[in-house]
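Coordinate analysis (summary)
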Amino acid sequence: MGVKVGKTSGARRDEKKIEKDIINEKISSLAYHTESAAEEFLTTNQGTRINDNQNSLKAGERGPTLLEDFLLREKITHFDHERIPERVVHARGTAAHGYFQVYESMAKYTKAKFLTDPSEKTPVFVRFSTVAGSRGSSDLARDARGFAVKFYTKEGNYDLVANNMPVFFIQDAIKFPDFVHAVKPEPHNEIPQASSAHDTFWDFISLTPESMHMIMWVMSDRAIPRSFRMMEGFGVHTFRFINEDGKSVFVKFHWKPLLGVHSVAWEEAQIISSKDPDFHRRDLWEAIETGAFPEWELGVQIVPEEDEHKYEFDLLDPTKIIPEELVPVQRIGKMTLNRNPSNFFAETEQVAFHPGNVVPGIDLTNDPLLQGRLFSYIDTQLSRLGGPNFHEIPINRPIAPVHNNQRDGHMRQTINRGNTSYQPNTIEGGYPIQAKAAEGGFTSYTERIDANKIRGRSRSFFDHFSQATLFYNSQSDAEKKHLTDALSFELEKVKSVEIRQRMVGLLTQVDETLATNVANTLGMPVRKQPEYPMNHIIPADGDPKEYQPIKVKQSIKKSDALSMVNTIKNTIKTRQIAILAADGVDEASISQMRSALAAEGAKTKIIAPKFGYIKSATGKEIKVDQSFLTAASVLFDAVYVPGGAKSSASLKENARALQFVYEAYKHGKAIAMDDESAGLLRVLYPGNKMLSDTLQETDLAAKGIIVNVHAKRATSRDFIRAIAQHRFWDR
Ligand code: HDD
């Protein structure tokens, strides 16, 4: 087809663009300059049409390339500068657009308009990330996950720059560069990538007792989520809400996923990292592309100003949670992600978050970690995005109008009109003018501070272990085991015996059994005292007594909200189910099971010994989605092996099929098998006691193994129920 040119097609394109802009009304106000190459000539950056993009300009067919070749030079120069520095932390990320809507007005607590008008849909852009790894690292690293939300409110951008864990490693931002240097690959050999399992990290941690609560979280399965769509988010710090009357309450922010909070097994995470390092990125992308829009409810824990000192922890300490049993989480609205970015670099890479981007009605507190963050984020964007005008990059632009006297700088896009760029002025009639609070002007909360200027920390920050113990005690047996295994794994990778010893010592402060179990796997003795040398963690002239950790009596011993066992388990929406089949499979079983699963919103794929098509027992062709060559059990949530004598017999002979089923078994996944295929499990590892013990049990369904399915309703219902359980960790 020839290329259409001329005014008519250009005008039509413009019309189309305007139409699209109207459809995306709010989003379009971000004023994207989009570029689509459809039906266009290739040009230089100056708009000159290119005739030959295949050959550089030479002195003769076999001669040297000429410096004059502006086409070649422009193209290569631009290419040479295509990369910008990756984020110093949270470099590996993926993002999506969506909207947020509050359920009921929160005007009692906050005047933030997007939280007071239930009819208002506020556009959001959300970037999920790992922390330690580089841009190209695996999604499944054991790590905290970033959960940064930019709300494009009518009163300006509000950024809730959160993580999937409610606490942090350190209490004061001055330690952040040290912490990050310790967890990043070691400086002499840049090893290991995206992993905390090495000496420098555990050296730092073993000398930083305040990190012990966060260590419980990152060693738990929360650090290896099944999906970004299945993890919680936490604002970590205590913030403030301010209402129209200027009254303030403290607030902690939570994101609660409607699909529940689910994780994978550690071994699974490691295999996924090789089979599909883009596992989380792909999962989010595909869910949105197929219309299964991920949703989270925004939760708030509200503490009245007068209760600031009521609890056994300090509200300003970012290593502490407010247990939900003490202050319940109120769910106040919902966020839906419904559009994938059009261009990764323009949006996901160039988005710039900043915890200091707040709107009237939301304010900051004196949490010393938050205070340091307020400097860091703008500062880092200056070098990452090349100058002070990064707020003009389309993804960062507010939908609220921007008027001020800031001018010029690298890559300035705005063409400011008028002859004044200062305030006060009379020449422009004084504009732009300041806004009164009643006109939406931001006013900082008036907080009385009567203090000495000191470098120091409040003693109320010194209970480093009680909430670590609370977290550990709140876990199920399986979760405790995973946590113990994770600690053992990480510490075994530490070469220094002293560091391991110090860590075991610190763990005794959290839980004796935990410390003993870890020490046993490491083959080392347990010494009861924490062995961090105090001189590393106090100022040069500090008094060690003042820095000794304390233990405050806790009002609760266990919190159900901290265990993933108590999460939502009533849906199999978007779960990936593998159907293993070969020639001779019973086609009716497949189609009945497929439709039962599809009716519940799950996705199925046929996995067969070879790609292309297989033939059913009745000779019908069935399309194969993946062969065993590229598929792996770790990429699925459950497995179904339909009947058909020939198919079952050939799968029993197929090592990859057997490995597939065994891994699904080992990772606690629901497995359904028709009669003829049930033998597959028995062929597996005859010497495996765990497996044979399980198979001898009468109630296999209780362990997530559904045999004799025949795809009849009742049994597919059992399979569906088992998939919704997510995992049978105690199989
Ligand atoms: Fe941070 C990025 C979350 C402490 C300094 N941080 C960054 C991102 C998230 C968080 C989600 C990625 C944003 C994106 O997707 O672009 N950070 C947190 C949380 C913290 C925290 C929940 C503790 C409660 N961070 C923290 C401290 C400092 C920083 C204490 C420095 C003093 N964080 C940064 C940064 C980053 C960043 C260097 C790197 C890239 C960026 O900001 O834009 O400024």
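Residues numbered from 1 in each chain as written. Predicted model: local features only at pLDDT ≥ 70, side-chain atom pairs only at ≥ 80, totals over all residues. Heavy atoms only, no water.

All right, on to the coordination of the iron atom of the ligand then. Think of it this way: four donors in a tetrahedron around the metal ideally sit 109.5 degrees apart, and six in an octahedron ideally sit 90 or 180 degrees apart. One donor from the polypeptide reaches the iron atom of the ligand: Tyr377 (OH), at 1.8 Å. Within the fold, Tyr377 resides in helix α10 (residues 368-384). (Donors = N, O, S within 2.8 Å, 3.2 Å for Na, K, Ca; no water. Helix = DSSP H or I, 4+ residues; strand = E, 2+ residues; numbered from the N terminus.)

With respect to the helices and strands, the residue Lys669 is situated in the loop between α18 (655-666) and β17 (670-673). Classification of Lys669 by relative accessible area gives buried; the value is 0%. Apart from the residues lying within four places of it in its own chain, the contact partners of Lys669 are Glu268, Ser633, Val634, Phe636, Asp637, Ala638, Ala664, Gly704, Arg727 and Arg731. (Buried < 20%, exposed > 50% of the residue type's maximum accessible area, 1.4 Å probe, protein only. Contact = heavy atoms within 4.5 Å.)

Turning next to the site of the ligand. The environment of the ligand is made up of 22 residues, and the closest members are Arg87, Arg127, Arg373, Tyr377 and Gln381. At 3.4 Å, a side-chain N or O of His90 approaches a nitrogen atom of the ligand. For the ligand, an oxygen atom lies 2.7 Å from a polar atom in the side chain of Arg127. Within the residue set of the shell around the ligand, elements represented by two or more residues are β3 (145-153), β4 (156-163) and α10. Broken down by element, the shell around the ligand gets its largest block of residues, six residues, from α10. Of the residues belonging to the shell around the ligand, the class tally is 12 nonpolar, seven polar and three charged. (Near = heavy atom within 4 Å. Polar contact = N/O pair within 3.5 Å; in protein donor to acceptor, adjacent residues only side chain to side chain. Nonpolar A, V, L, I, M, F, W, Y, C, P; charged D, E, K, R; others polar.)

The next point concerns empty space enclosed by the protein. This structure, assessed with the given rule, holds five cavities of 30 Å³ or more. By volume, the largest cavity amounts to about 160 Å³. Along the wall of the largest cavity there are 19 residues; nearest its centre are Pro166, Phe234, His254, Ile321 and Ile322. Sort the elements by how many residues they give to the lining of the largest cavity and strand β7 (residues 248-257) lands first, with four residues. Looking at the lining of the largest cavity, its residues break down into 10 nonpolar, four polar and five charged. Built from parts of two domains, the lining of the largest cavity gets at least three residues from each of domain 1 (93-396) and domain 2 (462-565). What the second largest cavity holds in volume is close to 80 Å³. Lining the second largest cavity, in full, are Lys175, Pro209, Glu210, Arg457, Phe462, His464, Ile537 and Tyr547. Split into classes, the residues belonging to the lining of the second largest cavity amount to four nonpolar, one polar and three charged. Looking at which domains feed residues into the lining of the second largest cavity, each of domain 1 (93-396) and domain 2 (462-565) gives three or more. (1 Å grid on protein atoms, 1.4 Å probe; cavity = no way out; pocket = protein on both sides within 12 Å on 5 of 7 lines; lining within 4 Å. Points joined across faces, edges and corners; volume = space filled by probe spheres on them. Domains from an automatic or database assignment.)

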